[in-house]
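Overview (structure and organization)
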Amino acid sequence: MKVIVTNSYDESCAVVAGMIRDLVNAKPNAKLGLATGGTPVPIYQKLAQMNQAGEVDFSQVHTVNLDEYCGLPGTHEQSYRYFMNTHLFHKININHANTYVPNGTEPDAEKACQAYNELLHKIGPADIQILGLGHDGHIGFNEPSDHFENETDCVDLTETTIQANKRFFDSEKDVPKQAYTMGIGTIMRCRKILVVVSGKDKAEILKQVIQGPVTPEVPGSILQFHPDCMIIADEAALSEMAV
């Protein structure tokens, strides 16, 4: 696990966007694992600017997203499909048929998870997977548990996650209580993982992820075992540890 220390969140996002640009320029048909939430928004803004400036071409790229809320159609403003369309896909020259998000409207959890697993097996591991880090150590929607989930699963969101996400909804009662999420095993099979972490409020959990024991109670700690995982974090996020 390599740690890159930056002076700011914006610098962290610029580092990640630059890595993605360089990968796609070297491998035009690259597979990108993408994340949602507040963390990657500036990354996507920078990628859109690069694309519009002719610095990178996404026309042959395939993308897979980590997760989707159960019960929300892709047209819902808080669905992750809508998020990706708004923040990235509608702003770059990507083929939308090559962008994949779990089907949140499939009521049969087993069927939804099986379909996404089959897709992920067909596409193969992402060349780069972007991750954020939850306050409880979750990656994707893989919440603290007694085991590491291997493949796509339907998860019950913890109260911590619901509280963190309620700012995006009209009220707390509108926040979905479940999500379909890519499993830890699938994430670990990605060729390179880039974890972007910012702010003092993430310092304690980031220390556990990097220096603590590997345990499903801190899902992100499993990344200690990945052969090519990079933590890109500002000084505030790293303030609880010496790097």
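Refer to the structure printed above.
Scope of this entry: the structure provided in the associated data block. Since we're looking at a predicted model, the values are computed, not measured. (Residues numbered from 1 in each chain as written. Predicted model: local features only at pLDDT ≥ 70, side-chain atom pairs only at ≥ 80, totals over all residues. Heavy atoms only, no water.)

**Quick word on the overall build of the chain**
Looking only at helices and strands, the chain has seven helices and ten strands in total. Expected size for 243 residues packed as a compact globule is a radius of gyration near 18 Å; at 17 Å, the chain falls within 12% of this value. Across its three principal directions, the C-alpha atoms of the chain cover 45 × 40 × 35 Å. Put simply, 79% of the contacts in the chain that link residues at least 6 apart link residues at least 24 apart. Per element, the accessible surface of the chain, about 10600 Å² overall, is 49% carbon and sulfur. Side chains of the chain give 19 positive and 31 negative charges; the mean places of these two sets differ by 6 Å. (Helix = DSSP H or I, 4+ residues; strand = E, 2+ residues; numbered from the N terminus. Rg over C-alpha atoms; globule rule 2.2 N^0.38 Å. Contact = heavy atoms within 4.5 Å. Areas by Shrake-Rupley, 256 points an atom, 1.4 Å probe, with all protein chains shown as cover. Lys, Arg positive; Asp, Glu negative; His and termini not counted. Charge placed at Lys NZ, Arg CZ, Asp CG, Glu CD.)

**With respect to the sheet that holds strand β1 (residues 2-6)**
Hydrogen bonds along the backbone pair up the strands of a sheet, which may run parallel or antiparallel. Read from one edge of the open sheet, seven strands run β1-β10-β9-β6-β2-β3-β5, paired in parallel fashion. The sheet terminates laterally at β1 and β5 (99-100), the two strands that pair on one side only. Both β1 and strand β10 (residues 229-234) contribute to a ladder of five bridges, which runs parallel. Opposite I4, over in β10, you have I232 as the bridge partner. (Pairing = 2+ DSSP bridges.)

**Section: the environment of D201**
With respect to the helices and strands, the residue D201 is situated in the loop between β9 (193-197) and α7 (203-211). Sequence separation between D201 and A17 is 184 residues, and the spatial gap between their C-alpha atoms is 24 Å. Within the structure, the side chain of D201 is placed 2.6 Å from the side chain of H135, a separation counted as a polar contact. (Polar contact = N/O pair within 3.5 Å; in protein donor to acceptor, adjacent residues only side chain to side chain.)

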